[in-house]
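Tertiary structure, described
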Amino acid sequence: MTIKVFSVFGTRPEAIKMAPLVKALEADPRFESKVIVTGQHREMLDQVLTIFDIQSDYDINIMSTNQTLTEITTRILLALQPILENEKPDILLVHGDTTTTFAASLAAFYQQIKIGHVEAGLRTWNKYSPFPEEANRQMTDCLADLYFAPTTASRENLLLENHPEDNIFVTGNTAIDAMKYTIRDSHQLTGVNLQDDKNIILTMHRRENLGSKMQSVFLAVSRIAREFPEYQIIFPMHKNPKVRDLAQKHLSQFANIQLIEPLDVVDFHNLMARSYLILSDSGGVQEEAPSMGVPVLVLRDTTERPEGVTAGTLRLIGTDESVVYQEIKELLTNKTAYQKMAQAKNPYGDGQASERILSGIYSFFNQK
Ligand code: UD1
Ligand code: UDP
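Remember, predicted model here, so these are calculated numbers, not experimental data.

Further remarks concern the site of ligand 1. Taken together, the neighbourhood of ligand 1 is formed by 25 residues, with His41, Glu43, Ser64, Thr99 and Glu133 sitting nearest. At 2.7 Å from a nitrogen atom of ligand 1 is found a side-chain nitrogen or oxygen belonging to Glu43. Between an oxygen atom of ligand 1 and a side-chain N or O atom of His238, the distance comes to 2.9 Å. Expressed as a share of its isolated accessible area of 740 Å², the protein-covered part of ligand 1 is 95%. At the level of secondary structure, the elements contributing two or more residues to the shell around ligand 1 comprise helix 2 (43-52) and helix 3 (69-87). In terms of residue class, the shell around ligand 1 is built from seven nonpolar, twelve polar and six charged.

On to a negative patch on the surface, then. Taken together, the side chains of Glu26, Glu32, Asp53 and Asp57 present a region of like negative charge at the surface. Relative accessible area serves as the criterion here: at 32%, Glu32 is assigned to the partly exposed category.

On to the sheet that holds strand 3 (residues 58-59), then. Taken in spatial order, the seven strands line up as 3-2-1-4-5-6-7 in an open sheet, and their pairing is parallel. What marks the edges here is a single partner per strand, and that holds for strand 3 and strand 7 (168-170). In terms of strand pairing, strand 5 (residues 114-118) meets strand 6 (residues 146-149) through three bridges, oriented parallel. Within strand 6, the position partnered with Gly116 by the bridge is Leu146. In this fold helix 3 packs onto strand 1 (3-9), strand 2 (31-37), strand 3 and strand 4 (91-95), with an angle of close to 165° to the strand it touches most, strand 2. The sheet contacts of helix 5 (residues 133-143) involve strand 4, strand 5 and strand 6, and relative to strand 5 the element is tilted by about 140°.

The feature "domain: UDP-N-acetylglucosamine 2-epimerase" (unreviewed entry), as given by UniProt, occupies residues 23-359 in the numbering adopted here. For residues 23-359, the end-to-end C-alpha separation is 15 Å, with 45% helix and 15% strand making up the annotated structure.

With that out of the way, let us pick up the site of ligand 2. Near ligand 2, the surroundings consist of 15 residues, among which Leu263, Ser282, Gly283, Gly284 and Glu288 are the closest. At a separation of 2.7 Å, a nitrogen atom of ligand 2 approaches a polar backbone atom of Leu263. In the environment of ligand 2, an oxygen atom lies 2.7 Å from a nitrogen or oxygen atom belonging to the side chain of Ser282. Protein chains bury 95% of the 540 Å² of accessible surface belonging to ligand 2 in isolation. Where the shell around ligand 2 is concerned, the elements lending two or more residues are helix 1 (12-26), helix 10 (265-273) and helix 11 (283-292).

Rules behind the numbers
Every chain is numbered independently, its residues counted from 1 as its sequence is written. Lettering of chains starts at A and numbering of ligands starts at 1, both following the order in which they are written. Since the coordinates come from a predicted model, pLDDT governs what is reported: local features require at least 70, and pairs of side-chain atoms require 80 or more to be given and counted, while whole-chain, interface and lining totals use all residues. With hydrogens and water stripped out, all remaining heavy atoms of the structure feed into the side-chain values. One heavy atom within 4 Å of a molecule or strand makes the whole residue count as near it. Pairs of N or O atoms are called polar contacts if they sit within 3.5 Å, as long as, within protein, a hydrogen donor faces a hydrogen acceptor (for residues adjacent in sequence, only side-chain-to-side-chain pairs). To measure how exposed things are, a 1.4 Å probe is used in the Shrake-Rupley method; for residues, cover is taken only from the protein chains shown. Put simply, DSSP marks the helices as runs of H or I at least four residues long and the strands as runs of E at least two long, and each gets a number from the N terminus on. Side-chain classes are defined by residue name, with Ala, Val, Leu, Ile, Met, Phe, Trp, Tyr, Cys and Pro counting as nonpolar, Asp, Glu, Lys and Arg as charged, and the others, Gly among them, as polar. Two joining distances apply to patches: 9 Å for like charges and 5 Å for nonpolar side chains (Val, Leu, Ile, Met, Phe, Trp, Tyr), and every residue must have over 30% relative accessible area and no salt bridge. Only one rule defines a salt bridge in this text: a Lys or Arg side-chain nitrogen within 4 Å of an Asp or Glu carboxyl oxygen. This count recognises Lys and Arg as positive and Asp and Glu as negative, with His and chain-terminal groups excluded. Where a charge lies is defined by one atom per residue type, namely NZ (Lys), CZ (Arg), CG (Asp) and CD (Glu). For the exposure calls, accessible area comes from a 1.4 Å probe over protein chains only, and a residue counts as buried if that area is under 20% of its type's maximum, exposed if over 50%, partly exposed in between. The criterion for strand pairing is that DSSP finds at least two bridges linking the strands in question. It only takes one pair of heavy atoms within 4.5 Å for two residues to be counted as in contact. For every element, the axis is a line fit to its C-alpha atoms; helices are fit only across the contacting stretch, and the angle between N-to-C directions ranges from 0 to 180 degrees. UniProt positions are given in the numbering used here, feature names are shortened, and annotations may be inferred rather than shown by experiment.

Put into structure tokens, the structure is as follows:
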């Protein structure tokens, strides 16, 4: 029997990390694969679908400007119900910790459809940090049947919550699988003004950082831009108007700060690989940078990705203006401190996570 596997995702990072898995499912005759996109992100999702040449079977297109968590959740629940009722997949795969992840899991649970959680078991144990992602992943793991944990640490977290050991598979992170598609030495970057080896990337979007915390980071970055004019600071701005308005206000007047549109993932990964330093509150960037040996100053108070901190590539610095300024300055002026962080180590597997997930699904449906 072929196993009917539906994958659902809606935001840029879910799409990037589900794309290699969708490709593997499509190529494997043991599975019938279909894709539902929620369109929680529109432009930033479509960029990924185009790069990986993925056509969705259903697009429920829920995004609205400055959408609330309640709007995202209820629109997804209402739109997924008839699709899941009609299609009755054997299993619905969700990814990570977005509101698409949680709402789609709840929609599947209401139909008693099996749920496979890709990137399961990440934890900060603080439900407001990051918000709402920590609660989304805990609630998704409550509902899931199969757990694809990227590392042994995430497996341990799932065991602490008494999830059944036999249904937890340590797979590596599909982010590493995705990088096999994107990173190429020969890739030509257009639309970015690169400054030899003096390029700094900034990305920032987390809900709990919107407002005063983001402003204090931007003020620190503007001080750095003034004091270190030889560095280019490249900020591919998230499409959220709350991010863009604040960036325009504080960062648009500097010749060495480039406020640009979100890059497609091929451009972005290759830009990362060629950067001196990254400043970010992103989850995915924390997984990708260690294998490139590019230091990341993480603009958050907590992380669910301790592996990169242990590897030495990531440092958690929060959002306080003077701390952010000092930490960046240290890495621009102290070569020993910089070199200590700039070591390529990859704690997230060998790029075969998708294959392990397929094996896990197959064995689950063939053991009954
Ligand atoms: C969402 C996820 C977050 C994830 C992030 C990745 C939730 C609650 N948040 O946060 O976990 O880290 O995606 O980027 O699930 N917008 C556009 N076009 C786009 C994308 C966004 O215009 O392509 C604008 C819209 O006005 C939208 C707003 O950005 O309302 C916020 O998007 P939303 O998905 O709610 O939150 P993110 O901060 O993107
Ligand atoms: N990314 C991208 N273009 C950009 C910025 C980021 O393709 O301009 C990629 C990045 O490499 C990573 C993912 O988007 O794979 C992270 O997305 P984001 O930071 O929006 O979300 P998070 O990972 O924090 O949930």
